[in-house]
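A structural walkthrough
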Amino acid sequence: MTGKLMQGDEACAEGAIAAGCRFFAGYPITPATDIAEVLARRLPQVGGKFIQMEDEIASMAAVIGASVGGAKAMTATSGPGFSLMQENIGYAAMAEIPCVVVDVQRAGPSTGLPTKPSQGDVMQSRWGTHGDHPIIVLSPSSVRETFDFTVRAFNMAEKYRTPVILLMDEMIGHMREKVELPSPEAIEVVERVSTSVPPEWYKAYENTPSDVPPMISFGQGYRYHITGLFHDERGFPTQRLDEIDPWIARVFRKIERNLRDILIYEADEIEDAEIVVIAYGATARSARHAVKQARARGYRVGFLRLGTLWPFPEEVVERAAERIHRVIVPEMNLGQLALEVERVVGRRKVMRVGKANGEMVTPQEVLDAIVRGVSAWL
Amino acid sequence: MSERYEVRLAGKGGQGMILAGIILAEAAILDGKNAAQTQSYGPEARGGASRSEVVISDGEIDYPKVTQADILLCMSQEACDRYFHDLKQHGLLIADAVHVERMPTSRAVVVPLTQWAEEATGRRITASVVALGFLAGLTGLVSRQAMEAAVRAHVPPGTEEINLRALAVGFEQAEQFIRSQSK
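Residues numbered from 1 in each chain as written. Chains lettered and ligands numbered in written order. Predicted model: local features only at pLDDT ≥ 70, side-chain atom pairs only at ≥ 80, totals over all residues. Heavy atoms only, no water.

A word on the overall build of chain A. Within chain A one finds 13 helices and 15 strands. Over its C-alpha atoms chain A spans a radius of gyration of 21 Å, differing by no more than 12% from the 21 Å that the globule rule assigns to 378 residues. Taking the principal axes of the C-alpha coordinates as reference, chain A spans close to 70 × 50 × 40 Å. Relative to its full complement of 378 residues, chain A shows a buried share of 60%. Of the roughly 15,100 Å² that chain A leaves accessible, carbon and sulfur atoms contribute 50%. Considering chain A, the positive charge centre built from 42 side chains and the negative charge centre built from 49 side chains are found 3 Å apart. (Helix = DSSP H or I, 4+ residues; strand = E, 2+ residues; numbered from the N terminus. Rg over C-alpha atoms; globule rule 2.2 N^0.38 Å. Buried < 20%, exposed > 50% of the residue type's maximum accessible area, 1.4 Å probe, protein only. Areas by Shrake-Rupley, 256 points an atom, 1.4 Å probe, with all protein chains shown as cover. Lys, Arg positive; Asp, Glu negative; His and termini not counted. Charge placed at Lys NZ, Arg CZ, Asp CG, Glu CD.)

Interfaces are frequently sized by the accessible area removed from exposure as the parts join. Residues and elements named next belong to chain A. According to the domain assignment, chain A contains domain 1 (4-186) and domain 2 (266-375). Measuring from the centre of the C-alpha atoms in domain 1 to the corresponding centre in domain 2 gives 26 Å. With 28 residues of domain 1 in contact, the opposing surface of domain 2 contributes 24 residues. Between domain 1 and domain 2 we count 2 salt bridges in total. Inspection of the region where domain 1 meets domain 2 yields 17 residue pairs in polar contact (both at pLDDT 80 or more). At the level of secondary structure, the elements contributing two or more residues to the side of domain 1 that touches domain 2 comprise strand S6 (113-117), helix H5 (122-127), strand S7 (136-138), helix H6 (143-160), strand S8 (163-169) and helix H7 (170-174). Residue contributions to the side of domain 1 that touches domain 2 peak at 4 residues, all from H5. Residue composition of the side of domain 1 that touches domain 2, by class: 15 nonpolar, 7 polar and 6 charged. (Domains from an automatic or database assignment. Contact = heavy atoms within 4.5 Å. Salt bridge = Lys/Arg side-chain N within 4 Å of Asp/Glu carboxyl O. Polar contact = N/O pair within 3.5 Å; in protein donor to acceptor, adjacent residues only side chain to side chain. Nonpolar A, V, L, I, M, F, W, Y, C, P; charged D, E, K, R; others polar.)

Bringing the sheet that holds strand S14 (residues 326-331) of chain A into the picture now. All names here are of chain A. Taken in spatial order, the 5 strands make up an open sheet running S10-S12-S11-S14-S15, and their pairing is mixed. If you trace the sheet from one side to the other, it starts and ends with strand S10 (265-268) and strand S15 (350-354), each paired once. Neighbour-to-neighbour, the strand axes of this sheet turn through a mean angle of 15°, independent of strand direction. Where S14 lies against S15, 5 bridges are found, and the strand directions are parallel. Residue Val 329 lies in a different strand from S15, and its bridge partner there is Arg 352. (Pairing = 2+ DSSP bridges. Axes fitted to C-alpha atoms, helices over the stretch in contact; angles between N-to-C directions.)

Listed as interface residues are 25 residues of chain B and, on the opposing side, 26 residues of chain A. When the buried area of chain B at its contact with chain A is split by residue, Tyr 41, Asp 62 and Tyr 63 of chain B rank highest and sum to 28% of it. For the interface between chain B and chain A, the tally reads 1 salt bridge. Of the charged contacts, one joins Lys 292 of chain A and Asp 62 of chain B as a salt bridge, the two residues approaching to 2.8 Å between their closest N and O atoms. Here chain B is connected to chain A by 10 residue pairs in polar contact (both at pLDDT 80 or more). Residue assignment for the side of chain B that touches chain A shows that the elements contributing at least two residues are helix H1 (17-30) and strand S2 (34-41) of chain B. Sort the elements by how many residues they give to the side of chain B that touches chain A and S2 of chain B lands first, with 8 residues. Looking at side-chain class alone, the side of chain B that touches chain A contains 12 nonpolar, 7 polar and 6 charged residues. (Buried area = accessible area lost by both parts, 1.4 Å probe.)

Take empty space enclosed by the protein next. The tally for this structure, following the rule as stated, stands at 3 cavities of 30 Å³ or more. For the largest cavity, the calculated volume is near 90 Å³. Its residues assigned to classes, the lining of the largest cavity shows 4 nonpolar, 4 polar and 5 charged. Residues from two domains meet in the lining of the largest cavity; each of domain 1 (4-186) and domain 2 (266-375) of chain A gives at least three. Elements with a contribution of two residues or more to the lining of the second largest cavity: strand S3 (49-57) and helix H2 (77-83) of chain B. Residue composition of the lining of the second largest cavity, grouped by class: 3 nonpolar, 3 polar and 3 charged. (1 Å grid on protein atoms, 1.4 Å probe; cavity = no way out; pocket = protein on both sides within 12 Å on 5 of 7 lines; lining within 4 Å. Points joined across faces, edges and corners; volume = space filled by probe spheres on them.)

All names here are of chain B. The buried count for S3 comes to 8 of 9 residues, which makes it a mostly enclosed element. Note: strand S1 (residues 4-12) against S3, 9 bridges, orientation antiparallel. Each bridged residue has a counterpart across the sheet, and for Val 7 the counterpart in S3 is Val 54. The pairing of S2 with S3 spans 8 bridges and is antiparallel. Following the sheet pairing, Ser 40 is matched in S3 by Arg 51.

So, in structure tokens, the structure goes:
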């Protein structure tokens, strides 16, 4: 038999195992609990550790600690729990600790609609923690892609020493569909950069040509300082501009110079389109359905599906919308990614199809927007 | 676009609608088809509206939810009132006579699923599996062999035999129903 029935949350857990994740700390919350349930069973089987913490603040702290100890580490949560994790996500960004945070979005704010899907955390995933910092956010559209993106999330976290957010939604997390997982040999697994310099030479935050300093786990005989304060190359607090500015420049540069690796997207029939639909996550499923229907009716509709939401793929969106008068952005919020699209292509080109009531954007709603969008300038 | 077949299983929390959806999707996959199963339910563990949706196709499934159902199973009055308008023009409505009194159409197939379950297994909870057997028997949407394997794979351990009996009752009643219609 090729392919089996699998849930999105389960695929996330299996992707984590495949990527080498050996530590999970979390606190149960619908619709992310299934990830913890699978990992509670699976991690001990592969020599990993699972721990249920007292809350999400502690969960995120434990994940950071495990990563510093050398383990690939992850947590999974949803809206209210994601809010609680923000402070420590900032700590991970400041201290450049690789980790993966899964947010299976449900309708909010607050406890909102626990069992209903949403894409309301798009901006929170970017700016939820205070201060300027780079972040990588991936959003899968299928069960198989959830597996793949979880692996990619770990790879990027380790490669660039950064927290990576896997921004799922209840629809993808709870959905079961037929999937065929890749064989273990076909999966690329990336390890964090290490070094063979002696302990007394090691600088945990050294400016290296790659912009990603080697990271040695605690307990290996290398002593260094980790702090949430701005720090020098050895990790000790500093207020010197000649140490702060290079750090800020480096952490942004290490992401920006690797956009080719980080940006995941799929462009379909953009070239001779008269209108383009830009979608992500579960809503991309509705959008694709609508795009097929519109094409069957003779509309020339391009489709751009974004897998990486942050850093926002500015050039990709810019190119897709270059010769086009209308861009439609359907999403399960009242226009969050649409704000970014508007910033890049101009406000007048963008039609938002937003919904924040816990229901999916339907193909019909996207199709209506396509029809309206095409006729608007004819 | 390849043919989509959309099934909505609706009732109350605790009736096993979501598990029924999982079983149906698994059976479709065992038959070599593509399937996606989604669900919608409230925060409560029992009571409240609960529904499961299964889209079956030979090709790729983009939108995983029901747009217009080919089959609607109603295990509560509320489900029937609420979802009938999403049924295709010549779609099949199966309603459990034990739970649904007011029918929105004279074309509904109204059968006592819960009563059959109680008689066959002594457990009302198996009504969802009886319904699956009846639905599959009536439509041929999935094979009986695949259904049996899917039931075995997904029901709680120790309840396999009871649930297979429930499934068999569903298939038998479907045969009888077809015979009674062709007279």
